[in-house]
Amino acid sequence: MPEHSFSFEEAQENLLKCAVYLAENIGSRESRAAVMETLIPHFTLKNDVDTAASLADSVDDPFIRDRLLSDVVSKCVELGDDEYAFQLIEAIDEHSTRNNAREKFVLQKSANGEFDEAFKLAESLDHASDAFAGIAVNQFKKGFDTEARQTLERVDFYSAKVVALHEIAHFYVSESKPEQAIEMLDHAAIAAEKIEFTEDKIRAMLHTAANYAEAGQNDRAIAVYAKTRDIVDALEGVHKDNLFVQVAIGFLKAGSVELADRSLDLVFDKTQIADCLIGFSQIYRLEKEPDEAIHALEEAYAMLKSQTEREIRDTKARLQLFSSIAKEFAFADKIERGIEIAHENADETLKNQALTNIAQICILADNDGLANQAMRGIAGDSGRIPALIAMSDAYISEKKTDKALETLEKVVSMTESISQYIFRSEVIDDVARRFYHCGEPDKARKLSSENLATIGEIRGTENRAVALAELSVTYDKFDFELSDDDKAVIQTFVRTSDW
């Protein structure tokens, strides 16, 4: 018999403790570690760091054990329990993971405004750039501008410095200080060009240019995109097309149609060209230029249709774009065209996903007729159930509670047809939570109890333990108490797990 973190009696009275009890009876070390990796965060969320740390320490896989202990360190610092955090850091065996835990400590301390403690530990790290960058961000947020600038000078790695400067810029934007935000982006633009690794440099420059455009500094954005395009042009490899696409979309967002088109001309792969055109369409739609948006979509669709078998590099990516085009047509108020293209998709899952998105868009546009037309294209309960749940979310967002409840009732009537009990349990839990939010707590409570019976049908202790942990979240969130019938079911789980 394995040692248990909770007694036989405790496990019969609590869903999450029962899940742990079951997990600790799993024979396979790998499977047990994988389940514990799912269960332990539930205890950290409850601020129960003692149990979380104890369970993490019991994991046989050293890599997972150390990573989980590192996560608990963050929670300890958040709760102000520094002594326990240090104990856990020292308990981590692997050197780099221990350093990561120390870095988390530093970042949380600086977020709390305890900068002396943060600096003290940061200086002991092997690589302190990310830590100093995080400290600088928090200093700016707390008004210590001069000190923050000094801290930024201690950041050796330009990638870390750029990330920090972007975060500071966003902070200034949120504080309605555009001049300071642009100053930070100017520093980020300079630092980005100094990054050693080319792909990291390109990524940082694209991010900087995008933030310039978001801040209304289109000229600065265009200048950075132009430099980025020149660097991409010198690259080799198939990923070059994707980078040109990002540059082209960036140029269009920054207001230069000409530079966007010229960048798109540098892309050779038809799938990537279509992807870029979809991006153009989204920009035109948001800028209230519907004719241009539809024209770009038709071009993207024609480009994909023109591909020969030899030209297709990634079938999955190509089919995902068909799904995106269908959805974008619906956004552009060409719903029937979107439905038509969705049905052309050879991938059943992607077809259903597109039709689900279209149904949601129709509901948001107050067009239930076309929403139902999209739904009729989804065959089989396995596809229709997630679509109906998504539709209920759209109704909830529009405050159409009666419609949402009607849709959720349809899902409930279909759950018995779900042969996979894991999926059935997930669906029942999702629906129960939505009933609660729609003002039907009794219905939610009843479904949650029924879900326990469903979990009892799940084969495999691993899956049953995970399902119980997820259900425990619902019980805790809505203050559901275990009934005597619930406890009887849990007792059966505990007894049979010891066999």
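Scope of this entry: the structure provided in the associated data block. (Residues numbered from 1 in each chain as written. Predicted model: local features only at pLDDT ≥ 70, side-chain atom pairs only at ≥ 80, totals over all residues. Heavy atoms only, no water.)

Turning our eyes to something else, we now look at the overall build of the protein chain. A count of helices and strands for the protein chain gives 28 helices and 0 strands. Structurally, the protein chain occupies a C-alpha span of about 70 × 65 × 45 Å along its principal axes. Split into buried and exposed, the 499 residues of the protein chain put 49% on the buried side. Counting only contacts in the protein chain whose residues sit at least 6 apart along the sequence, the fraction spanning at least 24 positions is 57%. Of the roughly 24300 Å² of accessible surface on the protein chain, 47% is carried by carbon and sulfur atoms. (Helix = DSSP H or I, 4+ residues; strand = E, 2+ residues; numbered from the N terminus. Buried < 20%, exposed > 50% of the residue type's maximum accessible area, 1.4 Å probe, protein only. Contact = heavy atoms within 4.5 Å. Areas by Shrake-Rupley, 256 points an atom, 1.4 Å probe, with all protein chains shown as cover.)

Attention shifts here to the side chain of Arg318. Considering the arrangement of structural elements, one finds Arg318 in helix α19 (residues 315-331). The buried charged residue Arg318 lacks any salt bridge, with Glu309 as its nearest oppositely charged partner at 6.4 Å. Here the side chain of Arg318 touches Leu304 through a polar contact of 2.9 Å, landing on its backbone oxygen. (Lys, Arg positive; Asp, Glu negative; His and termini not counted. Salt bridge = Lys/Arg side-chain N within 4 Å of Asp/Glu carboxyl O. Polar contact = N/O pair within 3.5 Å; in protein donor to acceptor, adjacent residues only side chain to side chain.)

This brings us to the packing of helix α25 (residues 421-437) against helix α26 (residues 441-456). For the pair α25 and α26, the least separation of the axes is 8 Å and the interaxial angle reads 165°. Classified by the angle their axes make, α25 and α26 are roughly antiparallel. α25 and α26 meet at a crossing whose hand is left-handed. Where α25 approaches α26, its residues Tyr421, Arg424, Ser425, Ile428, Asp429, Val431, Ala432, Phe435 and Tyr436 are matched on the opposing element by Pro441, Lys443, Ala444, Leu447, Ser448, Asn451, Thr454 and Ile455. Here the contact of α25 with α26 is composed, by residue class, of 10 nonpolar, 4 polar and 3 charged. (Axes fitted to C-alpha atoms, helices over the stretch in contact; angles between N-to-C directions. Parallel < 35°, antiparallel > 145°, perpendicular 65-115°, else oblique. Left-handed = near helix turned anticlockwise from the far one by under 90°. Nonpolar A, V, L, I, M, F, W, Y, C, P; charged D, E, K, R; others polar.)

By the definition in use, this model includes 13 aromatic pairs. Taken together, a centroid distance of 5.7 Å and an interplanar angle of 55° make the contact between Phe478 and Phe480 tilted. Phe480 sits in the buried class, given a relative accessible area of 13%. Site record: aromatic cluster; members linked through ring pairs are Tyr436, Tyr475, Phe478 and Phe480. A cation sits over an aromatic face here: Arg337 above Tyr301, 4.8 Å from the ring centre. (Phe/Tyr/Trp six-rings, centres within 6.5 Å; stacked < 30°, edge-to-face > 60°. Lys NZ or Arg CZ within 6 Å of the ring centre and 35° of its normal.)

This paragraph deals with α19. For α19, which comprises 17 residues, the first-to-last C-alpha distance of 25 Å matches the rise-based estimate of 24 Å (1.5 Å per residue) to within 8%. For α19, the N-terminal capping position is held by Asp314, with its side-chain oxygen 3.1 Å away from the main-chain nitrogen of Lys316. Two residues or fewer past α19, Asp333 is found with a positive phi of approximately 70°. (Expected span 1.5 Å × (residues − 1).)

Think of an α-helix as 3.6 residues a turn; residues three or four steps apart then line up on the same face. Relative to the 24 Å expected for 17 residues at 1.5 Å per residue, helix α17 (residues 270-286) spans 25 Å between its end C-alpha atoms, a close match to the ideal helical length. Where burial is concerned, most of α17 is hidden: 12 out of the 17 residues are buried. Every buried residue belonging to α17 is among Thr271, Gln272, Ile273, Ala274, Cys276, Leu277, Ile278, Gly279, Phe280, Ser281, Ile283 and Tyr284, and all of these are buried. The inward-facing, buried residues of α17 contact α15 (239-253), α16 (257-264), α18 (290-305) and α19. One or two residues past the end of α17 sits Lys288, with phi positive at roughly 60°.

Mapped onto the elements, Tyr172 comes out in helix α11 (residues 158-174). Note on Tyr172: relative accessible area 2%, which makes it buried. Beyond its immediate stretch of four places on either side in the chain, Tyr172 contacts Phe140, Asp145, Lys177, Gln180, Ala181 and Met184.

Here we come to unusual backbone geometry. With a phi close to 65°, Asn47 is a non-glycine residue in the positive phi region. One can find Asn47 in the loop between α3 (29-45) and α4 (49-57). Look at Asn47 and you get partly exposed, because its relative accessible area is 39%. For Lys288, which is not glycine, the phi torsion reads 60° and is therefore positive. Within the secondary structure, Lys288 is located in the loop between α17 and α18. Residue classification places Lys288 among the exposed residues on the basis of a relative accessible area of 71%.

On to the nonpolar core, then. Grouped together as the largest cluster of nonpolar side chains are 173 residues, with contacts concentrated most on Phe280, Ile325, Ile358 and Leu468. Setting aside residues up to four positions removed in sequence, Leu468 forms contacts with Leu15, Cys18, Ala19, Leu22, Leu452, Ile455 and Phe493. (Core = buried A, V, L, I, M, F, W, Y, C linked by side-chain atoms within 4.5 Å.)

As a further point, take the pattern of salt bridges. For the structure shown, the criterion picks out 37 salt bridges. When the shortest N-O distance is used, the salt bridge between Glu123 and Arg154 registers 3.2 Å. Here the residue Glu123 occupies a position in the loop between α8 (115-122) and α9 (129-141), and Arg154 occupies one in the loop between α10 (145-152) and α11, the gap between them amounting to 31 residues. Since its relative accessible area comes to 36%, Arg154 is described here as partly exposed.

Moving on to a negative patch on the surface. A cluster of like negative charges, contributed by Glu287, Glu289, Asp291 and Glu292, occupies part of the molecular surface. Judged by its relative accessible area of 41%, Glu287 falls in the partly exposed class. (Patch = residues over 30% accessible without salt bridge, like charges linked within 9 Å, V, L, I, M, F, W, Y side chains within 5 Å. Charge placed at Lys NZ, Arg CZ, Asp CG, Glu CD.)

With that settled, consider the environment of Ala300. Residue placement: Ala300 occurs in helix α18. When its relative accessible area of 0% is taken as the criterion, Ala300 is described as buried. For the pair Ala300 and Val411, spaced 111 residues apart in the sequence, the C-alpha separation amounts to 36 Å. Setting aside anything within four residues of it in sequence, one finds Ala300 in contact with Ala274, Leu277, Ile278 and Ile325.

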